[in-house]
Amino acid sequence: MDTQTNIQSYYNNLAETYDENRFGNSYGQYLHQQETKFLEKVIVQGNQILDLGCGTGRHMSLATHGLDISENMLQEARKKFPKKEIRTGSVFQSPFEHDFFDQVFSFHVLMHLTKKEIELTFQEAHRILKPRGQFIFDIPSFKRRNLFNYKTQGWHGAASLSMKEVQEMAGADWVIKKYQGALSLPIHRLPKGIRKVMLPIDTGLSKSFMREYASYLMVMLEKK
């Protein structure tokens, strides 16, 4: 099976328990809070906004539209947001018109793609965004993984980028407007009881000159 078929099958099987298993614990909630704070600062409500790879709708409260390859994940999203337009499709071959959205965001998606597929996703986001629209995404940090000699297995979460690579992929089509890290601290190694109080420290580190060494990079590009 190709990567897209693997992704679709994996998340179809996981859909009913995804929210509780991945984000119903202190580690998942910790990461979710960091992501949400970043998105809330850059998302402009009232715009046409797409959650690209929306899954079960974890961040759909910030979007007007959703898209995902897993129909079972979308069933969960539609239960939460029955009035929003949520479609099935690939992140690099969507059903939307040219220049349709003001902003597109994609979290915990690019990490599962090949570098070629990430480039195609950049191109698709560029196509469906209005001029000066923003593409906001996260990706595991190559510098963090390289620092700890991280080894990937299979397609799941295998992709990582440095900001230099993001710039190279963005090329002449995009301007990097903002980026910061997430999960700078090894929170999975800390006692559950103190994780919440460490969040402000983690966020501060993730905005500092050390931000490329956080576990994830959160990036906002602007379409030229």
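Fair warning: this is a prediction, and the values are worked out from it, not measured in the lab. (Residues numbered from 1 in each chain as written. Predicted model: local features only at pLDDT ≥ 70, side-chain atom pairs only at ≥ 80, totals over all residues. Heavy atoms only, no water.)

Engineer: How should the layout of surface pockets be read in this particular structure?
Structural biologist: Regions of empty space are outlined by a rolling probe, equal in size to a water molecule, passed over the atoms. Put simply, the largest pocket is a space of about 590 Å³. Lining the largest pocket are 32 residues; nearest its centre among them are Tyr 11, Tyr 18, Phe 107, His 108 and His 112. Mapped onto the lining of the largest pocket, the elements with two or more residues apiece are helix H1 (3-14), helix H2 (18-23) and helix H3 (26-42). Classifying every residue of the lining of the largest pocket gives 16 nonpolar, 12 polar and four charged. Lining the second largest pocket are 20 residues, and of these Tyr 27, Arg 144, Tyr 150, His 188 and Ser 215 lie nearest its centre. (1 Å grid on protein atoms, 1.4 Å probe; cavity = no way out; pocket = protein on both sides within 12 Å on 5 of 7 lines; lining within 4 Å. Points joined across faces, edges and corners; volume = space filled by probe spheres on them. Helix = DSSP H or I, 4+ residues; strand = E, 2+ residues; numbered from the N terminus. Nonpolar A, V, L, I, M, F, W, Y, C, P; charged D, E, K, R; others polar.)

Engineer: Mind showing me how you'd approach the packing of aromatic side chains here?
Structural biologist: The description of two aromatic rings rests on the distance between their centres and on the angle between their planes. Inspection of every chain in the model, using the stated rule, returns 11 aromatic pairs. Grouped by ring-pair contacts, the aromatic residues Tyr 10, Tyr 11, Tyr 18, Phe 23 and Trp 155 constitute a single cluster. Directly above the aromatic system of Phe 23 lies the positively charged group of Arg 58, at a separation of 3.8 Å from the ring centroid. (Phe/Tyr/Trp six-rings, centres within 6.5 Å; stacked < 30°, edge-to-face > 60°. Lys NZ or Arg CZ within 6 Å of the ring centre and 35° of its normal.)

Engineer: Explain the environment of Asp 202 to me, please; I cannot follow it from the model alone.
Structural biologist: Tracing the sequence through the fold places Asp 202 in helix H8 (residues 192-207). Spatially, the C-alpha atom of Asp 202 lies 5.6 Å from that of Ser 184, the residues being 18 residues apart in sequence. Polar contacts involving the side chain of Asp 202 include one to the main-chain amide nitrogen of Leu 185, which spans 3.2 Å. (Polar contact = N/O pair within 3.5 Å; in protein donor to acceptor, adjacent residues only side chain to side chain.)

Engineer: Whenever I open this one, the packing of H3 against H8 confuses me. Can you help?
Structural biologist: What describes two packed helices is the angle between their axes and the distance between those same axes. At a minimum axis separation of 10 Å, H3 and H8 run at an interaxial angle of 35°. You can see that H3 and H8 cross each other, and the crossing is right-handed. Across the interface between the two elements, Ser 26, Tyr 27, Tyr 30, Gln 33, Gln 34, Lys 37 and Lys 41 of H3 pack against Lys 192, Arg 195, Met 198, Leu 199, Asp 202, Thr 203, Ser 206 and Lys 207 of H8. Here the contact of H3 with H8 is built from residues that sort into four nonpolar, five polar and six charged. (Axes fitted to C-alpha atoms, helices over the stretch in contact; angles between N-to-C directions. Left-handed = near helix turned anticlockwise from the far one by under 90°. Contact = heavy atoms within 4.5 Å.)

Engineer: What am I meant to see in the pairing of strand S2 (residues 65-68) here?
Structural biologist: On a regular strand, one side chain projects to one face of the sheet and the next to the other, so that they alternate. Of the two faces of S2, both are covered, the one formed by His 65 and Leu 67 as well as the one formed by Gly 66 and Asp 68. Examined bridge by bridge, strand S1 (residues 49-52) and S2 share three bridges and lie parallel to one another. The residue bridging Leu 50 from the neighbouring strand is His 65, located in S2. Bridging between S2 and strand S3 (residues 85-88) involves four bridges; their strand directions are parallel. Counted as the bridge partner of Gly 66 is Ile 86 from S3. Handedness of the S2-helix H4 (residues 71-80)-S3 crossover: right-handed. (Buried < 20%, exposed > 50% of the residue type's maximum accessible area, 1.4 Å probe, protein only. Pairing = 2+ DSSP bridges. Right-handed = clockwise from strand over helix to strand, strands pointing away.)

Engineer: Could you clarify how one ought to interpret the sheet that holds strand S7 (residues 216-223) in this entry?
Structural biologist: Strand pairing in a sheet takes place through backbone hydrogen bonds and is either antiparallel or parallel in direction. If you trace the seven strands from one edge of the open sheet to the other, you get S3-S2-S1-S4-S5-S7-S6, paired in mixed fashion. Here the strands that pair on one side only, and so sit at the sheet edges, are S3 and strand S6 (174-182). Each neighbouring strand pair of the sheet contributes to a mean axis angle of 15°, computed without reference to strand direction. With three bridges connecting them, S1 and strand S4 (residues 101-106) associate as parallel partners. Looking at S4, one finds that Leu 50 is bridged to Val 104. Across the sheet, H4 touches S2 and S3, and the angle it forms with S3 is around 170°.

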